[in-house]
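The primary structure of each chain is shown beneath.
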Amino acid sequence: MGVGKSTVGRLLAGHLDVAYRDTDDDIEAAEGRTIAEIFVDEGEAAFRAKEKAAVRAALAAHRGVLSLGGGAVLDPDTRVLLAGHRVVYLSMDVEEAVRRTGLNVARPLLAVNPRKQWRELMEARRHLYEEVATAVVATDGRGPDEVLRGVLDALELKQG
């Protein structure tokens, strides 16, 4: 969260002249409410079920750049589905997360003691991100264009 996946994803899609899609946007459009509202109204388990379905549908139908929510990799079936795709893990440390997002309460999993919770989330998820990643690109101290160049280089895609 806050790593820039939507911004960089859109830049990458533009660079490659393909469509961009975000599964969080898909969920919000289908539900008519925000991710945070789904968490509050139905809980994390219900959201994760919606997320799993959204990722499965997007992977089956979309051929461009796809951004997934940070928790999508928690589902083993989703990790299996990602195995056939080029996946970029955009990494950042907690200080960069604070700088970019303020780790505010709009992030439902970080509502209390955000720094500690962010660290715990990353400790629980980092190995899953690395498991599914074709490439890892650090975003710390880098602007979106620099991260895009890192992604293109990591995936060995032609830069124009």
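Above: the structure in question.
Model, not experiment: these values are computed from the prediction.

Asker: Quick rundown of the overall build of the protein chain? Include the residues and the values.
Answerer: Along the protein chain, the regular secondary structure elements total 8 helices and 4 strands. For the protein chain, the α and β elements follow one another from N to C terminus as α-β-α-α-α-β-α-β-α-α-β-α. For the protein chain, the share of sequence-separated contacts (at least 6 apart) that also reach a separation of at least 24 residues comes to 64%. For the protein chain, the accessible area works out to roughly 8,500 Å², and carbon and sulfur atoms hold 52% of it.

Asker: Give me helix α1 (residues 5–16): which residues, what numbers.
Answerer: For α1, which comprises 12 residues, the first-to-last C-alpha distance of 16 Å matches the rise-based estimate of 16 Å (1.5 Å per residue) to within 8%. Taken together, the buried positions of α1 are Val8, Gly9, Leu12 and Ala13. Considered in projection along α1, the buried side chains sweep an arc of 140° and stay on one side of the axis. Against the buried residues of α1 lie β1 (20–22), β2 (65–67), β3 (88–91) and α8 (144–154). Backbone geometry just after α1 places Asp17 at a positive phi near 60°.

Asker: Break down the nonpolar core for me, citing the residues and quoting the values.
Answerer: Core analysis: the largest hydrophobic core is formed by 15 residues, its most contacted members being Leu12, Leu90, Val147 and Val151. Listed by contribution, the elements that provide at least two residues to this core are α1, β4 (135–138) and α8. Per-element tally for this core: the top contributor is α8, with 4 residues. Not counting residues within four places of it along the chain, the set of residues in contact with Leu12 comprises Val65, Leu148, Val151 and Leu152. The next biggest cluster of nonpolar side chains, apart from the first, holds 12 residues, and it includes Val55, Val87, Tyr89 and Val132.

Asker: Which residues make up the layout of surface pockets, and what values do they have?
Answerer: A volume near 980 Å³ is recorded for the largest pocket. Lining the largest pocket we find 38 residues, and of these Leu66, Ser67, Leu68, Val87 and Val88 sit closest to its centre. Going through the elements one at a time, α1, α4 (44–61), β2, β3 and α7 (114–132) are the ones with two or more residues in the lining of the largest pocket. For the lining of the largest pocket, the element with the highest residue contribution is α7, accounting for 6 residues.

Asker: Tell me what's going on with the packing of aromatic side chains, and back it up with residues and numbers.
Answerer: Under the defined criterion, the tally for this structure stands at 2 aromatic pairs. On the basis of an interplanar angle of 35° and a centroid distance of 5.0 Å, the ring pair of Phe39 and Phe47 is categorised as tilted. Neither residue differs from the other here; Phe39 and Phe47 are each classed as buried. Measuring from ring centre to ring centre gives 5.0 Å for Tyr89 and Tyr129, while their planes differ by 40°; the resulting arrangement is tilted.

Scoring rules and cut-offs
- Residues numbered from 1 in each chain as written.
- Predicted model: local features only at pLDDT ≥ 70, side-chain atom pairs only at ≥ 80, totals over all residues.
- Heavy atoms only, no water.
- Helix = DSSP H or I, 4+ residues; strand = E, 2+ residues; numbered from the N terminus.
- Contact = heavy atoms within 4.5 Å.
- Areas by Shrake-Rupley, 256 points an atom, 1.4 Å probe, with all protein chains shown as cover.
- Expected span 1.5 Å × (residues − 1).
- Buried < 20%, exposed > 50% of the residue type's maximum accessible area, 1.4 Å probe, protein only.
- Arc of directions from axis to C-beta.
- Core = buried A, V, L, I, M, F, W, Y, C linked by side-chain atoms within 4.5 Å.
- 1 Å grid on protein atoms, 1.4 Å probe; cavity = no way out; pocket = protein on both sides within 12 Å on 5 of 7 lines; lining within 4 Å.
- Points joined across faces, edges and corners; volume = space filled by probe spheres on them.
- Phe/Tyr/Trp six-rings, centres within 6.5 Å; stacked < 30°, edge-to-face > 60°.

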